[in-house]
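Spelled out, the chains give:
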Amino acid sequence: MEKNEIRGYEPLVEELKQLIHKKQYHVLKVINAETINLYWEIGEEIYKQQQEKGWGKSIVQVLSRELQKEFPGAKGYSAANLWRMRNFYLTYRHSEKLAPMVREISWSNNIIIMEKCKDDLEREFYIQMAKRYGWTKRVLTNFVEARTYEKYLLNQTNFDLTIPEDRRIQAKLAVKDEYTFDFAELSPEYSEHELELQLVNNIRDFLIEMGGDFTFIGNQYHLMAGNRDLYIDLLLFHRRLRSLVAIELKIGEFEAEYAGKMQLYLTALDEQIKLPDENPSIGIIICKSKDKTYVEYALKNINMPIGVATYQLRNTLPEEMKEMLPEPEEIVKRLKVFEKL
């Protein structure tokens, strides 16, 4: 049908396209859930037979060979995968909360979370995030290896005082306590400008590390405050928050004066750049190190939303950060924020 022949039918065409896409997505979700159900039942049966008959791990070799012979075109029946099904069942069989949730993400993502996370609280965090953001296997692996769970639990912001409740939870999820810039190739005595250029030159990796909902607007973003020039190191936009996000980079320790300067940037952004339908801007100060108590004092009387984070150039969690992780009861409370989103 030529373009002029569909004139007048456009609304119907668009409506049907959206309906088809919606149904296709629903079908994929159903197929995924049924696949996970199947793997759960296979794992359960393997475990029960082992318990009843005392069989060892060799049972999966026999099962794999026979199942692949019966279903030659089917994937997923390798001996290693059958053993994962057994472990999958054992991992979640006593968890009334997580057992239904694992049906909502892919099998490949379930394997990563099951094998790389140490407890159910950490698994819940990554299941929720993978479901919410549609993380691929590679992206999920990157976040797990970068210790995103721990960094989220430690983050420091003044959002409780500066952001309305309906956006506060999402804003907190947008700021980590520490970022890993292991993709940056820096000289031994690098400058803030060199760090900034490395982040811009590796913008895809940088945005993934930031969390997935950010888009890049510019670096050294120019504003005027009276006759004074202001330059924001990096300016991003957070799609879910519908907020401009100003990033200030510091290669040393956090100083209270950085919060005052960020407040000036955010005021200028809101008055000069923010669109009428966008929410107030947010600032993130990323430093090489910080004193957490000093940060709390510095942010206490700041009336613009600001988070203070650190960065590292290696992919490990320092021992001092591990010692500062909240108690399990506090972790449970923080994870409950996902249920409201």
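Each chain carries its own residue numbering, running from 1 in the direction its sequence is written. Selection of residues for local features in this predicted model requires a pLDDT of at least 70, selection of side-chain atom pairs for listing and counting requires 80 or more, and totals for whole chains, interfaces and linings are taken over all residues. Working from all heavy atoms in the structure, the side-chain values ignore hydrogens and water.

In the nomenclature of an unreviewed UniProt entry, the chain is known as DUF1016 domain-containing protein of Blautia wexlerae.

Caption draft 1: Focus on the packing of helix 5 (residues 107-116) against helix 7 (residues 137-145). Convention adopted: a line fitted to C-alpha atoms gives each axis, helices being fitted over their contacting stretch, and angles between N-to-C directions are expressed from 0 to 180 degrees. Per the convention used, a helix needs a DSSP run of H or I reaching at least four residues, while a strand needs a run of E reaching at least two, with both numbered from the N terminus. Packing of helix 5 against helix 7 leaves a shortest axis separation of 9 Å and a crossing angle of 15°. Taken as axis vectors, helix 5 and helix 7 run roughly parallel relative to one another. Considering how the two elements wind past one another, helix 5 and helix 7 form a crossing that is right-handed. Between helix 5, through Ser108, Asn109, Ile112, Ile113 and Lys116, and helix 7, the contact on the second element is made entirely by Lys137, Leu140, Thr141, Val144 and Glu145. Residue polarity is assigned by list, with Asp, Glu, Lys and Arg as charged and Ala, Val, Leu, Ile, Met, Phe, Trp, Tyr, Cys and Pro as nonpolar; anything else, Gly included, falls into the polar class. Of the residues contributing to the contact of helix 5 with helix 7, the split by class is 4 nonpolar, 3 polar and 3 charged. For classification, angles of less than 35 degrees are called roughly parallel, those exceeding 145 degrees roughly antiparallel, those between 65 and 115 degrees roughly perpendicular, and all remaining angles oblique. Crossing chirality is assigned from the near helix's rotation relative to the far helix, an anticlockwise turn below a right angle marking it left-handed and a clockwise turn marking it right-handed. Contacts between residues were defined by any pair of non-hydrogen atoms, one from each residue, lying within 4.5 Å.

Caption draft 2: Layout of the UniProt feature "domain: YhcG N-terminal" (unreviewed entry) in the chain. In the numbering adopted here, UniProt assigns the feature "domain: YhcG N-terminal" (unreviewed entry) to residues 15-151. Secondary structure within residues 15-151 divides into 77% helix and 0% strand; the distance between the first and last C-alpha atoms comes to 42 Å. UniProt positions are given in the numbering used here, feature names are shortened, and annotations may be inferred rather than shown by experiment.

Caption draft 3: Local environment of the side chain of threonine 162. Relative to the assigned elements, threonine 162 resides in helix 9 (residues 159-162). Partly exposed residues are those whose accessible area sits between 20% and 50% of the maximum for their type, while under 20% is buried and over 50% is exposed, using a 1.4 Å probe and protein chains only. Owing to a relative accessible area of 19%, threonine 162 belongs among the buried residues under this scheme. Throughout this description, a polar contact denotes any pair of N or O atoms lying within 3.5 Å of each other; where both atoms belong to protein, one of them has to be capable of donating a hydrogen while the other can accept it, and for residues adjacent in sequence the pair is counted only when both atoms sit in side chains. Reaching out from threonine 162, the side chain makes a polar contact with the backbone oxygen of asparagine 158 at a distance of 3.0 Å.

Caption draft 4: Seen up close, empty space enclosed by the protein. Any residue with an atom within 4 Å of a point lines the site, the site being either a cavity, points on a 1 Å grid over the protein atoms alone where a 1.4 Å probe fits but cannot get out, or a pocket, an open set with protein on both sides within 12 Å along at least 5 of 7 lines. Grid points are joined across faces, edges and corners, and a volume is the space filled by probe spheres set on the points. All told, the structure shown has 2 cavities of 30 Å³ or more when counted by the stated rule. Looking at the largest cavity, its volume works out to about 150 Å³. Taken together, 18 residues make up the lining of the largest cavity; nearest its centre are Met129, Leu173, Ala174, Met210 and Gly211. Secondary structure elements with two or more residues in the lining of the largest cavity: helix 6 (120-133), helix 8 (148-154) and helix 10 (165-173). Looking at which element gives the most residues to the lining of the largest cavity, the answer is helix 6, with 3 residues. Of the residues belonging to the lining of the largest cavity, the class tally is 11 nonpolar, 5 polar and 2 charged. In this model, the second largest cavity occupies a volume close to 30 Å³. Surrounding the second largest cavity, Glu248, Lys250, Tyr258, Lys261, Met262 and Tyr265 form its lining. Counting residues per element, the lining of the second largest cavity draws most heavily on helix 13 (residues 256-272), which supplies 4 residues. Across the lining of the second largest cavity, the residue classes tally to 3 nonpolar, no polar and 3 charged.

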